[in-house]
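Residues per chain are reported as follows:
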Amino acid sequence: MVHPAGLWPYGNDSMCCMEHIQSHITGLRPACVLSGFLVVVGTGMRCISTKTSIATPLIHFGQFLNGLAGPVAMGAPPAISAEWFPPEQRTTATAIATVANTLGLAVSFLIGPYLVPTQNITVNATDFLNISGNAMALDGNYSNLTYGNLTIPDVKAERESIMLYMYYSCGWSALCFLLFFTYFPSHPPLPPSPTASMERLQFKVGIKKLLVNRTFWLICFTYGVSGGILGCWQGVLDVNLKDHGINQDMAAWMGFFGVIGSCTAALLVARGADMFARHIKWILIGLFMSGGLCFVVFVLALISIVPKTTGVLFSTYIIANLLMGASVPLFFEMACEVTYPIAEGITNLVLTLLNNIAGLLFLLVQLVPNIGTMWENWCLLGGIFICVPVLLLFKETYNRLDIDIKVEDEDQ
């Protein structure tokens, strides 16, 4: 539904506003409220019991509910920016919402070790072996000890700390849900741009068109592979770095500053993309090349080919995350542009789905016995550099922006 230029957006005829509201009668509110509710239920299930036989299925089902909410949490920012912001602010708005999501990851790097620190107790080795009968609880590492003291994990204390962490997570999720439920309008009173007042394709039609949109699938591949692997690689950073003599605290601070750097860069690059439209493709290529090279130095430092100093590890990790993190809002906006008039929610649902599938495959490889962790670093580098030639292949199109500019010019 394309409105005549004279009716957009503040004309004397109020029909434009009414049509805009009617065409978006459901909007983002139902999806966001439902997602918030799923997260509350999912985090609440983890707080029910610490007994393994009960907790394990509850945790898995809770994570399943949390996963259902994931596409909305990750894909809503471009839909919000399209609904609430004019063209010259859309990428920046998407970046701000994306950064808010990413900041949660930065906080987790600090809260995790703080709320669930490594806790040990010292016991008499002979007494411990007599009570346990063997050292299976210690993976057999101490089966030959018959005297002296033994330092073992304080399982009870760590379990209590984990439950406290679960309570905090559930409480925060409940607060966010209440905020969504109390006040979260689906759309503004008046559309901020011509395309914001235009109907999108229906779900089935949109999906069919996505399936044959070659440019969109190139974007899906690059974002899905690079983003999915990088996100999960960061999630197991402390486990990865432990094999290279880097402790949990140092890994936590690296992760924290890396995420903060990526958030800052995402805002700056997004603002630049808004100011210099139609150059997203080359910005992405530059970010991938430079970010990938920084990760190369980081990995080489881990295996001591370049100096393995704290400065080298911190600087290369932070700069690499800064550059790669800046690409996320650009991918979302580029996907929305090349698929318009398909609804932004549908586009970002598929984009997020590919990202999650890549991450799932990355995590599944970790189940292979005795595979180690070094493969994770080579996989990360491969996932970044394989995307560069793919980025070179796709042709930039700005279907949504072209309509906005055309209607605004006609209105003037």
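The rules we used
- Residues numbered from 1 in each chain as written.
- Predicted model: local features only at pLDDT ≥ 70, side-chain atom pairs only at ≥ 80, totals over all residues.
- Heavy atoms only, no water.
- Patch = residues over 30% accessible without salt bridge, like charges linked within 9 Å, V, L, I, M, F, W, Y side chains within 5 Å.
- Areas by Shrake-Rupley, 256 points an atom, 1.4 Å probe, with all protein chains shown as cover.
- Salt bridge = Lys/Arg side-chain N within 4 Å of Asp/Glu carboxyl O.
- Buried < 20%, exposed > 50% of the residue type's maximum accessible area, 1.4 Å probe, protein only.
- Helix = DSSP H or I, 4+ residues; strand = E, 2+ residues; numbered from the N terminus.
- Core = buried A, V, L, I, M, F, W, Y, C linked by side-chain atoms within 4.5 Å.
- Contact = heavy atoms within 4.5 Å.
- Axes fitted to C-alpha atoms, helices over the stretch in contact; angles between N-to-C directions.
- Parallel < 35°, antiparallel > 145°, perpendicular 65-115°, else oblique.
- Left-handed = near helix turned anticlockwise from the far one by under 90°.
- Nonpolar A, V, L, I, M, F, W, Y, C, P; charged D, E, K, R; others polar.

**Student:** Lay out a nonpolar patch on the surface in plain terms, naming residues and giving numbers.
**Tutor:** Where nonpolar side chains cluster on the molecular surface, the patch consists of Leu353, Ile357, Leu360, Leu361, Leu364 and Leu367 and spans about 600 Å² of accessible area. According to the relative accessible area criterion, Leu364 is partly exposed, its value standing at 43%.

**Student:** Could you give an account of the pattern of salt bridges, with specific residues and numbers?
**Tutor:** Within the structure shown, the criterion is met by 7 salt bridges. For Arg90, the salt bridge goes to Asp404, with nearest N and O atoms at 2.9 Å. Residue Arg90 is found in helix 4 (residues 90-115), and its partner Asp404 is found in helix 17 (residues 399-411); the two are separated by 314 residues along the sequence. A relative accessible area of 0% means that Asp404 is categorised as buried. Glu344 is the salt-bridge partner of Arg400, the closest N and O atoms lying 3.0 Å from each other. One end of the pair, Arg400, is in helix 17; the other, Glu344, is in helix 14 (residues 344-365), and 56 residues separate them in sequence. Taken individually, Arg400 and Glu344 each receive the classification buried, so the pair is uniform in this respect. Ionic contacts of the salt-bridge type, sharing partners, join the residues Arg90, Arg200, Glu333, Glu337, Glu344, Arg400 and Asp404 into one network.

**Student:** Go over the nonpolar core with me, naming the residues and quoting the values.
**Tutor:** Ranked by size, the top nonpolar core spans 62 residues in total, and within it Trp233, Leu241, Met254, Phe288, Phe295, Phe298 and Leu313 carry the most contacts. Counting residues per element, this core draws most heavily on helix 11 (residues 280-302), which supplies 11 residues. Apart from residues lying up to four places away in sequence, Phe298 is in contact with Trp233, Leu241, Met254, Leu313, Thr316 and Tyr317. Within the second largest apolar cluster, 6 residues are counted, among which are Val99, Ala106, Phe256 and Val259.

**Student:** Could you give an account of the packing of helix 11 against helix 15 (residues 374-385), with specific residues and numbers?
**Tutor:** Running from N to C, helix 11 and helix 15 cross one another at 165°; their axes reach a closest spacing of 9 Å. Classed by the angle they form, the pair helix 11 and helix 15 counts as roughly antiparallel. At the point where helix 11 passes helix 15, the crossing takes the left-handed sense. Between helix 11 and helix 15, the residues in contact are Phe288, Met289, Gly292, Leu293, Phe295, Val296, Val299 and Leu302 and Met374, Asn377, Trp378, Leu380, Leu381, Ile384 and Phe385, respectively. Taken together, the residues of the contact of helix 11 with helix 15 break down into 13 nonpolar, 2 polar and no charged.

**Student:** Any details on unusual backbone geometry? Residues and values, ideally.
**Tutor:** With an omega of 15°, the peptide bond between Tyr340 and Pro341 qualifies as cis. The topology assignment puts Pro341 in the loop between helix 13 (328-339) and helix 14. Of note in the backbone geometry, Ser304 takes a positive phi value of approximately 65° without being a glycine. Structurally, Ser304 is set in the loop between helix 11 and helix 12 (310-325). For Ser304, a relative accessible area of 52% translates into the label exposed. Even without being glycine, Asn370 reaches a positive phi, approximately 60°. For Asn370, the position within the fold is in the loop between helix 14 and helix 15.

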